[in-house]
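Residue-level structure breakdown
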There are 2 protein chains.
Amino acid sequence: MPLAIQADDVRAAADRIRPLAHRTPILTSAVFDAEAGFRVVFKCENLQRGGAFKIRGASNLILSLAPDALARGIVAYSSGNHAQAVAIAAKHVGAQAHIVMPEDAPRSKMEATRAYSPRIVTYNRFTESRETIAAAILKQTGGTLAPPFDHPMIMAGQGTAALELLDDVGPLDALITPVGGGGLLSGCATIARAMRPGIRVFGAEPVGANDTFLSLQAGERVTVPHPDTIADGLRARCPGELTFPVIRELVEGVVLVDDAEIRETVKFLLLHLKILVEPSGAVPAAAVLFHKLPPGIRSIGVVLSGGNIDFEELVGY
Amino acid sequence: MPLAIQADDVRAAADRIRPLAHRTPILTSAVFDAEAGFRVVFKCENLQRGGAFKIRGASNLILSLAPDALARGIVAYSSGNHAQAVAIAAKHVGAQAHIVMPEDAPRSKMEATRAYSPRIVTYNRFTESRETIAAAILKQTGGTLAPPFDHPMIMAGQGTAALELLDDVGPLDALITPVGGGGLLSGCATIARAMRPGIRVFGAEPVGANDTFLSLQAGERVTVPHPDTIADGLRARCPGELTFPVIRELVEGVVLVDDAEIRETVKFLLLHLKILVEPSGAVPAAAVLFHKLPPGIRSIGVVLSGGNIDFEELVGY
């Protein structure tokens with residue numbers, strides 16, 4: 001079966017999302033390089049509109065819908081960043097968004113989403129299924145589902161982060177992104193391997209939510225029943241049907257970091273790069289900082305995927 | 001008497017400092033705009049090399065010195081950011097830096113400076129004079145003093161922050177920067193009024209270190225005996241001999257914020273813009289957020305001048 005997206009889908013997404021997504025800055029840090037042992041360039045999606053890369057995929061999908069589809073509304077389920085992105089993009093085109101969020105989502109993420117006036121439906125992520133709740137709303141409204149990762153338009157949209165990164169910097173040996181359901185990683189791998197055929201692409205996962213790591217080992221999609229990590233955006237239980245084949249084909253490997261390493265990295269990025277990165281967004285930087293990558297890499301692009309974290313959580317680090 | 005610098009000095013500085021200073025990104029925030037009531041663009045000097053705008057002035061001065069002057073070394077006194085900037089620029093050209101720092105300077109600033117291997121001399125800022133200590137080192141070495149603000153090359157260098165900001169954005173009604181000794185404000189006012197003759201330029205000071213505010217009221221330089229504010233970079237007791245005439249001529253006014261407003265703004269910038277700004281650097285943003293500016297402004301450029309703050313201090317906010 002052909003892969004769900006090609007590089008041209010990412011290029012088309014880059015044009016489509018321009019009215020909604022910022023071209024985020026690239027930062028470097030001599031202090032980080034010294035710790036890592038090689039050159040690191042950071043793509044700052046924590047400085048993206050809505051505080052995360054998610055606006056890329058959400059706007060790519062929503063801006064491609066016909067007026068009659070938009071009139072029936074958009075439905076999304078998400079722990080936060082995707083929800084906010086869908087709410088922003090829906091509001092931009094005048095469509096009603098219905099957001100299904102876990103009741104224990106970080107307060108900052110829930111409030112930020114609420115600011116774009118979607119309809120919010122909360123659920124208990126230990127006892128209820130967000131997919132079932134979303135399906136009921138879809139049946140009632142006839143709206144369009146904006147899934148968090150497993151959709152070609154979402155995957156292609158997320159890939160624009162790597163497209164911009166590689167457009168803006170010189171040669172790189174490698175690229176690394178976080179992996180939740182695999183939307184960001186699959187999109188970035190697709191465009192990166194097209195733009196720089198020799199580039200090595202990695203994913204980074206928390207040890208407590210290592211579904212993609214296990215899936216690559218097994219050669220098929222593996223489900224982790226109860227993901228447990230502070231990286232709330234990466235608690236997907238299983239890689240996507242569409243994302244996993246792309247990852248298996250184009251990604252060299254997934255490396256793992258633990259929660260202590262993630263916390264340490266959030267602090268390091270805060271104090272040395274002067275930017276706030278949420279735990280999920282800091283996972284690939286943690287992989288670099290704690291030397292989890294295979295040898296032979298002298299330069300790497302790191303996608304810092306989001307910056308939405310509560311102050312109360314940060315001060316505990 | 002003519003003013004100490006002209007716009008062409010700032011333009012020359014922009015060319016000179018290119019090997020050492022980053023062109024920092026511009027950020028915007030819909031949430032901040034909503035609170036401010038108008039459009040705000042942020043020049044992120046907290047993301048500058050060394051974590052503050054100070055590298056601009058320090059490298060403008062040091063890169064202009066002849067080899068024989070460089071061989072005798074550079075002397076600087078500073079609460080931190082200027083010290084680090086001088087250490088970075090001196091190391092870049094292979095000159096010895098002698099840094100006179102208060103013994104209670106923020107630990108992060110002292111450690112960051114130490115990383116560039118200058119000779120560090122500490123002093124008690126309540127009982128000793130940094131000027132006297134620096135003078136003794138100068139006498140001994142025959143080196144060059146890099147004063148923190150009151151020097152044409154320093155003032156012109158700092159002005160490049162406004163030059164880049166105005167190069168990168170459309171029309172703005174106003175520009176605001178922090179004021180310590182006035183190096184940044186005088187340099188920025190000089191270039192801003194040349195590039196955009198109608199622009200209104202403001203300084204922002206802590207109420208506990210309001211020497212420039214009082215000096216503008218009095219029409220002459222006034223000394224504040226014991227500045228008291230969390231904004232450690234703005235504890236100058238008196239505006240400079242060279243900076244004050246520029247400020248009096250080109251700046252509409254200085255507005256004041258208190259320490260509680262500064263803390264609140266540091267948190268706001270952290271959580272909504274996802275960037276770490278130190279108290280001194282957040283002062284002009286606090287002036288905008290807490291509506292201290294006169295009416296009639298619908299857009300403003302804000303220089304976020306630095307990001308060097310200890311984690312222990314931040315968590316107390």
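Residues numbered from 1 in each chain as written. Chains lettered and ligands numbered in written order. Predicted model: local features only at pLDDT ≥ 70, side-chain atom pairs only at ≥ 80, totals over all residues. Heavy atoms only, no water.

Another aspect to go through is the interface of chain A and chain B. Each partner contributes to the interface: chain A provides 19 residues, whereas chain B provides 19 residues. Summing the contributions of chain A and of chain B, the shared interface buries around 1,700 Å²; its carbon and sulfur component is 72%. The interface formed by chain A and chain B contains zero salt bridges. Counting the contacts that link chain A with chain B gives six residue pairs in polar contact (both at pLDDT 80 or more). When contributions to the side of chain A that touches chain B are tallied by element, the ones reaching two or more residues are helix 12 (259–273) and helix 14 (311–314) of chain A. (Contact = heavy atoms within 4.5 Å. Buried area = accessible area lost by both parts, 1.4 Å probe. Salt bridge = Lys/Arg side-chain N within 4 Å of Asp/Glu carboxyl O. Polar contact = N/O pair within 3.5 Å; in protein donor to acceptor, adjacent residues only side chain to side chain. Helix = DSSP H or I, 4+ residues; strand = E, 2+ residues; numbered from the N terminus.)

Attention now moves to the relation of the copies chain A and chain B. The two copies are related by a screw operation: chain A maps onto chain B through 180° of rotation and 0.0 Å of translation along the axis, at an RMSD of 0.0 Å. Expressed as a symmetry operation, the mapping of one chain copy onto the other fits a two-fold axis. Minimal C-alpha distance to the rotation axis in chain A is attained by isoleucine 275 of chain A, lying at 2.1 Å. A shared binding surface is used by both copies, with 100% of the interface residues of chain A retained as interface residues in chain B. (Least-squares fit on C-alpha atoms with pLDDT ≥ 70 in both.)

We now examine helix 13 (residues 279–289) of chain A. Residue and element names in this part refer to chain A. Taking burial as the measure, the 11 residues of helix 13 include 11 buried ones, the bulk of the element. Three or more residues of helix 13 are buried, namely Pro279, Ser280, Gly281, Ala282, Val283, Pro284, Ala285, Ala286, Ala287, Val288 and Leu289. Histidine 291 occupies a position one or two residues after helix 13 and carries a positive phi of about 55°. (Buried < 20%, exposed > 50% of the residue type's maximum accessible area, 1.4 Å probe, protein only.)

Residues and elements named next belong to chain A. Its location among the elements puts glutamate 313 in helix 14. Its relative accessible area of 28% is what places glutamate 313 among the partly exposed residues. Note: C-alpha distance between glutamate 313 and proline 106 (207 residues apart in sequence) is 9.3 Å. Non-local contacts of glutamate 313, meaning those with residues more than four positions away in its chain, are made with Ile230 and Pro279.

Inspection of every chain in the model, using the stated rule, returns four aromatic pairs over all chains. Ring centres of phenylalanine 32 of chain B and phenylalanine 42 of chain B lie 4.8 Å apart, and the angle between their planes is 85°; on these two criteria the pair is classed as edge-to-face. Placement of the pair is phenylalanine 32 of chain B in helix 2 (residues 30–36) and phenylalanine 42 of chain B in strand 2 (residues 39–44), with a sequence separation of 10 residues. Given a relative accessible area of 0%, phenylalanine 32 of chain B falls into the buried group. An aromatic cluster is present here, built from Phe32, Phe42 and Phe268 of chain A joined pairwise through their rings. The lysine or arginine in question, arginine 263 of chain B, covers the ring of tyrosine 317 of chain B, its NZ or CZ lying 5.8 Å from the ring centre. (Phe/Tyr/Trp six-rings, centres within 6.5 Å; stacked < 30°, edge-to-face > 60°. Lys NZ or Arg CZ within 6 Å of the ring centre and 35° of its normal.)

For chain A, mean pLDDT is 95; residues scoring 70 or higher make up 100% of the total. Quick note on the complex model: pTM equals 0.95, ipTM equals 0.93. (pLDDT = per-residue confidence, 0-100.)

On to the state of the cysteines. Under the defined criterion, the tally for this structure stands at zero disulfides over all chains. Free of any disulfide, cysteine 44 of chain A has its nearest cysteine sulfur in cysteine 44 of chain B, 11 Å distant. The exposure class assigned to cysteine 44 of chain A is buried, which follows from its relative accessible area of 0%. (Disulfide = S-S within 2.5 Å.)

What follows concerns the sheet that holds strand 2 of chain B. Residue and element names in this part refer to chain B. Spatially, 1-2-10-7-8-9 is the arrangement adopted by the six strands of the open sheet, whose pairing is mixed. Of all the strands in the sheet, the pair left with one neighbour each is strand 1 (26–27) and strand 9 (253–257). When strand 1 meets strand 2, the two strands line up antiparallel, connected through two bridges. Among the inter-strand pairings, isoleucine 26 is bridged to a residue of strand 2, identified as lysine 43. Sitting on the sheet, helix 13 (residues 279–289) is in contact with strand 2, strand 7 (174–178), strand 8 (200–206), strand 9 and strand 10 (299–304), with an inclination near 160° to strand 10. (Pairing = 2+ DSSP bridges. Axes fitted to C-alpha atoms, helices over the stretch in contact; angles between N-to-C directions.)

Once that is clear, we can look at helix 7 (residues 130–141) of chain B. Residues and elements named next belong to chain B. Taking 1.5 Å per residue as the helical rise, helix 7 with its 12 residues ought to reach 16 Å, and the 17 Å between its terminal C-alpha atoms agrees with that figure. In this structure, the buried residues of helix 7 make contact with strand 3 (74–77), strand 4 (97–102), strand 5 (119–123) and strand 6 (144–145). With a side-chain oxygen lying 3.3 Å from the backbone nitrogen of glutamate 131, the N-terminal cap of helix 7 falls on serine 129. A positive backbone phi angle near 70° is found at glycine 142, which sits one or two residues after helix 7. (Expected span 1.5 Å × (residues − 1).)

Residues and elements named next belong to chain A. If you trace the four strands from one edge of the open sheet to the other, you get 5-4-3-6, paired in parallel fashion. What marks the edges here is a single partner per strand, and that holds for strand 5 (119–123) and strand 6 (144–145). Relative to strand 3 (residues 74–77), helix 7 (residues 130–141) is tilted by about 175°, and along the sheet it contacts strand 3, strand 4 (97–102), strand 5 and strand 6.

To continue, consider the pairing of strand 9 of chain B. Residues and elements named next belong to chain B. Among the five residues of strand 9, five are classified as buried, and the element is accordingly described as predominantly covered. Burial along strand 9 is two-sided: the face carrying Gly253, Val255 and Val257 and the face carrying Val254 and Leu256 are both buried. Pairing between strand 8 and strand 9: five bridges, direction parallel. Within strand 9, the residue paired with proline 206 across the bridge is valine 257.

Relative placement of two packed helices is described by the angle separating their axes and the distance separating the axes. Residue and element names in this part refer to chain B. Where helix 5 (residues 81–93) contacts helix 6 (residues 107–114), the two axes come as close as 9 Å, and the packing angle between them is 10°. By the angle between their directions, the pair helix 5 and helix 6 is classed as roughly parallel. For the pair formed by helix 5 and helix 6, the contact residues are Asn81, Ala83, Gln84 and Ala87 on the first element and Lys109, Ala112 and Thr113 on the second. Residues belonging to the contact of helix 5 with helix 6 are distributed by class as follows: three nonpolar, three polar and one charged. (Parallel < 35°, antiparallel > 145°, perpendicular 65-115°, else oblique. Nonpolar A, V, L, I, M, F, W, Y, C, P; charged D, E, K, R; others polar.)

For the rest of this paragraph, the subject is the pattern of salt bridges. If you walk through the whole model with that rule in mind, you get 26 salt bridges over all chains. Two residues, arginine 130 of chain A and glutamate 131 of chain A, come together in a salt bridge whose shortest N-O distance is 3.9 Å. Of the charged contacts in the structure, one is a salt bridge between aspartate 173 of chain B and arginine 298 of chain B, with a shortest N-O distance of 3.2 Å. With a gap of 125 residues between them, aspartate 173 of chain B in the loop between helix 8 (152–168) and strand 7 and arginine 298 of chain B in the loop between helix 13 and strand 10 connect regions that are remote in the sequence. With relative accessibility at 60%, the residue arginine 298 of chain B sits in the exposed group.

Next up on the list: the nonpolar core. Core analysis: the largest hydrophobic core is formed by 84 residues, its most contacted members being Phe32 of chain A together with Phe32 of chain B. Apart from the residues lying within four places of it in its own chain, the contact partners of phenylalanine 32 of chain A are Val40, Phe42, Phe268, Leu269, Leu273, Ala285, Val288 and Leu289 of chain A. (Core = buried A, V, L, I, M, F, W, Y, C linked by side-chain atoms within 4.5 Å.)

Among the secondary structure elements, lysine 54 of chain B is positioned in helix 3 (residues 54–62). Lacking a salt bridge, the buried lysine 54 of chain B has glutamate 278 of chain B as its closest oppositely charged neighbour, with an N-O distance of 9.5 Å. (Lys, Arg positive; Asp, Glu negative; His and termini not counted.)

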